[in-house]
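Summary of structural features
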Amino acid sequence: MEKFYYEIPSIARKNEAIEYINEFYEYKSDIHGTGGLQRFLDNYEGWLEKLEEDYKREPNEEKVPARTYFLIRSNDNKIIGMINIRLALNERLKKYGGHIGYSIRPKERGKGYNKINLYLGLKICKEYGIEKVFMDADKENPASWKTMESLGGINIREYYDDENAHCIVKDYEIHINDSIKNNSTIYEPMIEKVTLNKDIEKDYEL
Ligand SMILES: CC(C)(COP(=O)(O)OP(=O)(O)OC[C@H]1O[C@@H](n2cnc3c(N)ncnc32)[C@H](O)[C@@H]1OP(=O)(O)O)[C@@H](O)C(=O)NCCC(=O)NCCS
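Residues numbered from 1 in each chain as written. Predicted model: local features only at pLDDT ≥ 70, side-chain atom pairs only at ≥ 80, totals over all residues.

1. Section: the nonpolar core
Across soluble globular proteins, you tend to see nonpolar side chains buried next to one another. Leu 71, Val 133 and Met 135 are the most contacted members of the largest nonpolar core, which totals 36 residues. Listing elements by their share of this core, those giving two or more residues are strand E1 (4-7), strand E2 (66-73), strand E3 (78-86), strand E4 (100-104), helix H4 (113-127), strand E5 (132-138), helix H5 (142-150) and strand E7 (167-175). The biggest single contributor to this core is H4, with 8 residues. Each residue touching Leu 71, except ones within four places of it in the same chain, is listed here: Phe 4, Tyr 6, Ile 80, Gly 81, Met 82, Ile 83 and Asn 117. If you look at the next biggest cluster of nonpolar residues, it comprises 6 residues, including Ala 17, Tyr 20, Phe 40 and Trp 47. (Core = buried A, V, L, I, M, F, W, Y, C linked by C-beta atoms within 7 Å. Buried ≥ 20, exposed ≤ 12 C-beta atoms within 10 Å, placed from the backbone. Helix = DSSP H or I, 4+ residues; strand = E, 2+ residues; numbered from the N terminus. Contact = placed C-beta atoms within 7 Å.)

2. Considering the sheet that holds E7
The 3 strands are arranged E5-E7-E6 in an open sheet whose pairing can be described as antiparallel. The open sheet has two edge strands with one neighbour each: E5 and strand E6 (154-161). Sheet twist, expressed as the average angle between the axes of neighbouring strands with direction ignored, equals 20°. In the sheet, E5 pairs with E7 via 7 bridges, with the strands oriented antiparallel. Residue pairing in the sheet places Asp 138 in a bridge with Val 169 of E7. (Pairing = 2+ DSSP bridges. Axes fitted to C-alpha atoms, helices over the stretch in contact; angles between N-to-C directions.)

3. Overview of helix H1 (residues 14-26)
Compared with an ideal rise of 1.5 Å per residue, which puts 13 residues at 18 Å, H1 spans 19 Å between its outermost C-alpha atoms and is within 8% of the ideal. Lys 28 sits one or two positions beyond H1 and adopts a positive phi of about 50°. (Expected span 1.5 Å × (residues − 1).)

4. Notes on the sheet that holds E3
The pairing of strands in a sheet comes from backbone hydrogen bonds and takes either a parallel or an antiparallel form. Reading across from one edge, E4-E3-E2-E1-E8 is the order of the 5 strands in this open sheet, with mixed pairing throughout. Each having just a single partner strand, E4 and strand E8 (191-193) make up the two edges of the open sheet. This sheet shows a mean twist of 30° between the axes of neighbouring strands, independent of strand direction. Strand direction decides the pairing type here: E3 and E4, joined by 5 bridges, are antiparallel. Bridge pairing in E4 places Gly 81 opposite Ile 104.

So, in C-alpha cells, the structure goes:
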C-alpha cells in the first residue's frame with residue numbers, strides 16, 4: 001500500500017522542490033498551497049527563511065501565521081503535493097481563501113492523492129486547536145471542491161466574486177472531528193506518520 005506523510009521543507013529537497021514547481025509551468029497549471037515557492041526558484045534558501053517567518057508571525061489584517069508542508073509518498077520518497085495551512089484567519093481570509101490552500105503535482109493527479117492531502121491537513125489543523133475549517137474553491141475547479149465534499153465539507157455559500165477570483169466561488173466548512181471520525185478507516189492506513197513542529201506554541205485567536 002502507498003503511504004504518505006508531511007515533511008517540513010528543508011534544504012535537502014531543494015532540487016526536487018524546484019522540479020515540482022516547474023512541472024506546474026510545463027502543464028500550465030495553477031499553483032496553490034506552495035507558500036509562494038514559485039517566487040523563490042532562484043532563492044530556495046530565502047524561501048525556507050520566509051516559511052519560518054510565516055510560522056512565527058503574529059496574525060494581523062495583512063498576514064497570518066501559516067505552515068507549509070510537502071506531501072511525500074514514502075514508497076518512492078517523492079514530493080507529490082503541497083499544502084499551506086493558515087493557523088488563524090483575519091477578516092480577509094474569513095471572506096476569501098480560508099484555512100487551506102493545496103496542490104498535487106500535475107503528473108500525479110486524479111489518483112485520490114489530494115483527499116489524502118486534505119485528510120492529513122485536517123489532522124494538523126486539529127493539533128493546532130482548529131475545530132472547524134473554512135475553505136473555498138472556484139466553481140470551475142471541481143477537483144478542489146470535490147476533495148472538500150469527499151472529506152465532509154458542507155457547501156455553505158456560492159456567490160459571484162468580483163473582487164478576488166472573478167468567477168463563481170463555493171464556500172465550505174469542514175467539522176474536523178466529524179471528518180476524521182468518518183474518514184479514518186480509509187485514510188489512516190495510508191499515513192506513514194504525522195509531522196508537527198510544535199516548538200513555538202501560541203494561543204492564536206481562531
Ligand atoms: C485541485 C487538485 C489539488 C486536486 O488534486 P487531485 O489529486 O487530482 O484530486 P483527487 O484525485 O484527490 O480527487 C479529488 C476529487 O476530485 C475529483 N476530481 C479529480 N480531478 C477532477 C477533474 N479533473 N474534474 C472533476 N473532478 C475531478 C475526484 O473524482 C475526487 O472526487 P470524488 O471523491 O467525488 O471522486 C489539483 O487539481 C491541483 O493541484 N490543482 C492546481 C492547484 C489548485 O487548483 N488547488 C486548489 C485551489 S487552493
